[in-house]
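Descriptive analysis of the structure
Below are the chains, spelled out letter by letter.
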Amino acid sequence: MSLKSFLGILFTVLFLLGPCFQLAKLISSKDSKGVSAPAYWLNNMGQLCVLIYAQLTHSGLWVYINSIGSIILNCSILTFIWLYDRRKVL
């Protein structure tokens, strides 16, 4: 495995761990207190921009995996925020 592939995997795993901890907290406590829905909406918009940029510049596979994984995790967090406190989502 090349250094570039190793760093791509490491970047993807480390970057996606943050939302996983937040998602686990939401599910275990069944409360969205202290979780900012606008932050996750903005993160999704940023990840969409990264996907468009990656397609235009023909970036590596890890950029796509990272962005798509982040969007999925962010949408999951927003869903749980909506389930536990619908006023915070919009």
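See the structure above.
The sections below set out a description of the structure shown in this document. (Residues numbered from 1 in each chain as written. Predicted model: local features only at pLDDT ≥ 70, side-chain atom pairs only at ≥ 80, totals over all residues. Heavy atoms only, no water.)

So, unusual backbone geometry
- Positive phi values are uncommon outside glycine, yet K30 reaches one of about 50°.
- Structurally, the position occupied by K30 is in the loop between α1 (3–29) and α2 (37–57). (Helix = DSSP H or I, 4+ residues; strand = E, 2+ residues; numbered from the N terminus.)

Remarks on the packing of α2 against helix α3 (residues 61–84)
- Between α2 and α3, the shortest axis-to-axis distance is 9 Å and the interhelical angle comes to 160°. Taken together, α2 and α3 sit at an angle that is classed as roughly antiparallel. When you trace α2 past α3, the crossing you get is left-handed. Contacts between α2 and α3 pair A37, Y40, W41, N43, N44, Q47, L48, V50, L51, A54 and Q55 from the former with V63, Y64, S67, I68, S70, I71, N74, C75, I77, L78 and I81 from the latter.
- Residues of the contact of α2 with α3, tallied by class, amount to 15 nonpolar, seven polar and no charged. (Axes fitted to C-alpha atoms, helices over the stretch in contact; angles between N-to-C directions. Parallel < 35°, antiparallel > 145°, perpendicular 65-115°, else oblique. Left-handed = near helix turned anticlockwise from the far one by under 90°. Contact = heavy atoms within 4.5 Å. Nonpolar A, V, L, I, M, F, W, Y, C, P; charged D, E, K, R; others polar.)

Let's talk about the packing of α1 against α3
- At a minimum axis distance of 10 Å, the contact between α1 and α3 shows a crossing angle of 5°. Considering the angle they form, α1 stands roughly parallel to α3.
- Taken together, the residues of the contact of α1 with α3 sort by class into 16 nonpolar, eight polar and no charged.

Details of the state of the cysteines
- One pass over the full model with this rule turns up zero disulfides.
- Sulfur of C49: no disulfide; nearest cysteine sulfur belongs to C75 and is 15 Å away.
- No disulfide involves C75; its nearest neighbouring cysteine sulfur is the one of C20, lying 14 Å away.
- For C75, a relative accessible area of 36% puts it in the partly exposed group. (Disulfide = S-S within 2.5 Å. Buried < 20%, exposed > 50% of the residue type's maximum accessible area, 1.4 Å probe, protein only.)

Remarks on α1
- Taking 1.5 Å of rise per residue, the 27 residues of α1 would be expected to cover 39 Å, and the 39 Å separating its terminal C-alpha atoms lies within 8% of that figure.
- If you look at α1, its biggest bend is around 30°, right at L17, and the proline P19 turns up within four residues after that.
- All buried positions along α1 are accounted for by G8, T12, L16, P19, L23 and L26.
- Against α3 lie the buried residues of α1.
- Looking one or two residues beyond α1, the residue adopting positive phi is K30, at roughly 50°. (Expected span 1.5 Å × (residues − 1). Bend = angle between axes of the 7 residues up to and from the residue.)

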